[in-house]
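Notes for the structure review
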Amino acid sequence: MVPLTTASDSGPSIESARRSLSARLQAAGIEEAGLDARLLVGAALELDLTGLVTQAARRLTAEETARLEAYAQRRIAGEPVARILGTREFWGLPLRLSDATLVPRPDTETVVERALELFRERKIQQPRIADIGTGSGAILLALLHEIPDAFGVGTDLSLTALGTARGNAASLGLGNRSGFVACSYLAALSGPFDLIVSNPPYIPSAEIPKLSIEVREHDPHLALDGGNDGYDAYRALIPQAAERLVPGGALIVEAGQGQARNIETLMAAAALVVDRPPKADLAGIPRAVSARKMPP
Ligand SMILES: C[S@@+](CC[C@H](N)C(=O)[O-])C[C@H]1O[C@@H](n2cnc3c(N)ncnc32)[C@H](O)[C@@H]1O
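Calculation criteria
Residues numbered from 1 in each chain as written. Predicted model: local features only at pLDDT ≥ 70, side-chain atom pairs only at ≥ 80, totals over all residues. Heavy atoms only, no water. Helix = DSSP H or I, 4+ residues; strand = E, 2+ residues; numbered from the N terminus. Buried < 20%, exposed > 50% of the residue type's maximum accessible area, 1.4 Å probe, protein only. Areas by Shrake-Rupley, 256 points an atom, 1.4 Å probe, with all protein chains shown as cover. Lys, Arg positive; Asp, Glu negative; His and termini not counted. Charge placed at Lys NZ, Arg CZ, Asp CG, Glu CD. Pairing = 2+ DSSP bridges. Near = heavy atom within 4 Å. Polar contact = N/O pair within 3.5 Å; in protein donor to acceptor, adjacent residues only side chain to side chain. Nonpolar A, V, L, I, M, F, W, Y, C, P; charged D, E, K, R; others polar. Salt bridge = Lys/Arg side-chain N within 4 Å of Asp/Glu carboxyl O. Core = buried A, V, L, I, M, F, W, Y, C linked by side-chain atoms within 4.5 Å. Contact = heavy atoms within 4.5 Å.

Side note on the overall build of the protein
Scanning the protein for helices and strands turns up 12 helices and 9 strands. Counting only C-alpha atoms, the protein reaches 85 × 40 × 35 Å along its principal axes. For the protein, buried positions account for 49% of its 296 residues. Accessible surface, the protein: about 13900 Å² in total, of which carbon and sulfur atoms supply 55%. Looking at charge distribution, the protein has the averaged site of its 30 positive side-chain charges lying 3 Å from that of its 35 negative ones.

Right, here's the structure in full:
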């Protein structure tokens, strides 16, 4: 006779595991509880959204239940889903993360959008791109993905981050059009570049302890800390970028909330021309600040 239950089907159903995790996350004050629960159940069971829906009534094995519980406890303790899974999508591209890389944010896609807008206006052949503080490689790899004849270099102070970015480039098939260099901002680059992009650290040091636990305890300090007033990185990298752009080339940087005006002033002081307003993110915050180097 076939047993009605086995050790492998004694857990809750997928649907009930998802619902009860969502309720626990919500009770723990996690904003996107429903989404996080779905992602964690999917990861624990190695199922995509379709699998979760079509197998909703299937029961979890003991091993799956234990794996999901471990994920749940990490999330409730403040670890972001992207860190638990070790991966995050940016510009539709799957990126591996490491302890040394920021979790790429949707806001940063605004920098990619502005860079593509400027690039398409000039119709440059084989553009050379630099991404300063590349982290997981997010911005650079999105641009190389969109511009098939571009070549790009990413810099970072963190060797671990550079290793992660290099791995992402290889797994996206972009390894032969990218290079990764350890240096402070653009110090080791001679250029010239058609586009320079950067999402540098821009949080004022004293603000870091006030950030959410997901950010202050799980994003690397080096990726966040913009010095006393938050502008250290901009002050260092904008003049370096201005020297290394081709005439007509553009610098695009991500701004923290309320920083866009001061960044434009730093750009103008480096003889760059701010020829359009910053591009706002989905929340309406001016996010991608850009300027051009004019021909002599
Ligand atoms: C806000 S994170 C951005 C990472 C990635 N570009 C993104 O948008 O997801 C800033 C990055 O700058 C790097 N960084 C910090 N100081 C740096 C410096 N002096 N020179 C180069 N990179 C630096 C950090 O390690 C981190 O990877």
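Structural notes on the pairing of strand β1 (residues 87-90)
For β1 and strand β2 (residues 93-96), the ladder comprises 4 bridges, and the chain directions are antiparallel. Counterpart to glutamate 89 in the pairing with β2 is proline 94. Hairpin remark: β1 followed by β2, antiparallel, with 2 residues in the connecting loop; positive phi at tryptophan 91, about 55 degrees.

Some details on the site of the ligand
Neighbouring the ligand are 16 residues; Gly133, Asp156, Tyr185, Asn199 and Ala223 lie closest to it. Take tyrosine 185: an N or O atom from its main chain is 2.7 Å from a nitrogen atom of the ligand. Asparagine 199 is positioned with one of its side-chain polar atoms (N or O) 2.9 Å from an oxygen atom of the ligand. If the ligand stood free it would expose 590 Å²; the protein chains cover 97% of that surface. For the shell around the ligand, the residue count by class is 9 nonpolar, 6 polar and 1 charged.

Some words on the pattern of salt bridges
Enumeration according to the criterion identifies 25 salt bridges in this entry. Across the pair arginine 67 and glutamate 63 runs a salt bridge whose closest N-O atoms are separated by 3.0 Å. Here glutamate 63 and arginine 67 lie together in helix α4 (residues 62-76), a separation of 4 residues that amounts to about one turn. Its relative accessible area of 26% is what places arginine 67 among the partly exposed residues. For glutamate 63, a relative accessible area of 57% corresponds to the exposed category. When the shortest N-O distance is used, the salt bridge between aspartate 232 and arginine 235 registers 3.0 Å.

What about the nonpolar core?
One recurring pattern in soluble globular proteins is that nonpolar side chains are buried together. Membership of the largest hydrophobic core comes to 30 residues, with the highest contact counts inside it found for Ile196, Ile238, Leu251, Val253, Ile263, Met267 and Leu272. Those elements that place two or more of their residues in this core are β3 (128-132), β6 (193-198), α11 (232-244), β7 (245-254), α12 (260-269) and β9 (286-292). When residues in this core are grouped by element, the largest group, 5 residues, is from α11. Each residue touching valine 253, except ones within four places of it in the same chain, is listed here: Val111, Ser198, Tyr234, Leu237, Ile263, Met267, Arg287, Ala288 and Val289. Val112, Ala115, Leu116 and Ala138 belong to the second largest nonpolar core, which has 29 residues in total.

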